[in-house]
Amino acid sequence: MADNFDDKVINIFKKSSDIEDNKEQRFFKGFQYVKLTKDENGNYFKEESLREYAQRTFYIVSVMKNNGISAAIYKYKVPYKSLLDFLNVFRNDLTIGEIIDIERYIPEDLA
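Residues numbered from 1 in each chain as written. Predicted model: local features only at pLDDT ≥ 70, side-chain atom pairs only at ≥ 80, totals over all residues. Heavy atoms only, no water.

J.: If you had to explain unusual backbone geometry to someone new, which residues and values would you point to?
T.: The backbone of Lys29 sits at a positive phi, close to 50 degrees, despite the residue not being glycine. Inspection of the secondary structure puts Lys29 in the loop between β1 (23-28) and β2 (31-36). (Helix = DSSP H or I, 4+ residues; strand = E, 2+ residues; numbered from the N terminus.)

In structure tokens form, the structure reads like this:
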């Protein structure tokens, strides 16, 4: 049987001494967040690198819609630059459906 993946998941929002020094727990408008200043190698983040990463990123947005007989899940591949526009369509009730999941997807360059 496969390993228990829950044992490998790190809860970055758990207050403990296990949280690295480069992470700080805070709240913004009632939402908890963690501030990261360095990458996994201990290097400070660079704005240019983060922007390049974002431009390569897509999001797979799963939307549940009722088709009369049962529910169906529609999966949309949304580029980073269009994500907020896509979410606003559902927030402003401009279409039917309920967002149930958002996954990050980075296509691999196959050479």
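J.: Describe in detail the sheet that holds strand β4 (residues 71-79), supporting the description with residues and values.
T.: Across the sheet, three strands lie side by side as β4-β3-β5; this open sheet has antiparallel pairing. The outermost strands of the open sheet, each flanked by one partner alone, are β4 and β5 (98-105). Between one strand axis and the next, the sheet turns by 20 degrees as a mean value, whatever way the strands run. Direction of pairing for strand β3 (residues 58-66) relative to β5: antiparallel, over a ladder of seven bridges. Residue Phe58 lies in a different strand from β5, and its bridge partner there is Tyr105. Where helix α2 (residues 83-91) meets the sheet, its contacts fall on β3, β4 and β5, and the angle it forms with β3 comes to roughly 15 degrees. (Pairing = 2+ DSSP bridges. Axes fitted to C-alpha atoms, helices over the stretch in contact; angles between N-to-C directions. Contact = heavy atoms within 4.5 Å.)

J.: Please give an account of α2 that cites residues and values.
T.: Of the residues making up α2, those classed as buried are Leu83, Phe86 and Phe90. Buried residues of α2, seen end-on, are gathered within an arc of 70 degrees and therefore sit on one face of the element. Of the exposed residues in α2, those oriented more than 90 degrees away from the buried face are Leu84, Asp85 and Arg91. Contacts from the buried residues of α2 go to β3, β4 and β5. One or two steps after α2, the chain reaches Asp93, where phi turns positive at roughly 55 degrees. (Buried < 20%, exposed > 50% of the residue type's maximum accessible area, 1.4 Å probe, protein only. Arc of directions from axis to C-beta.)

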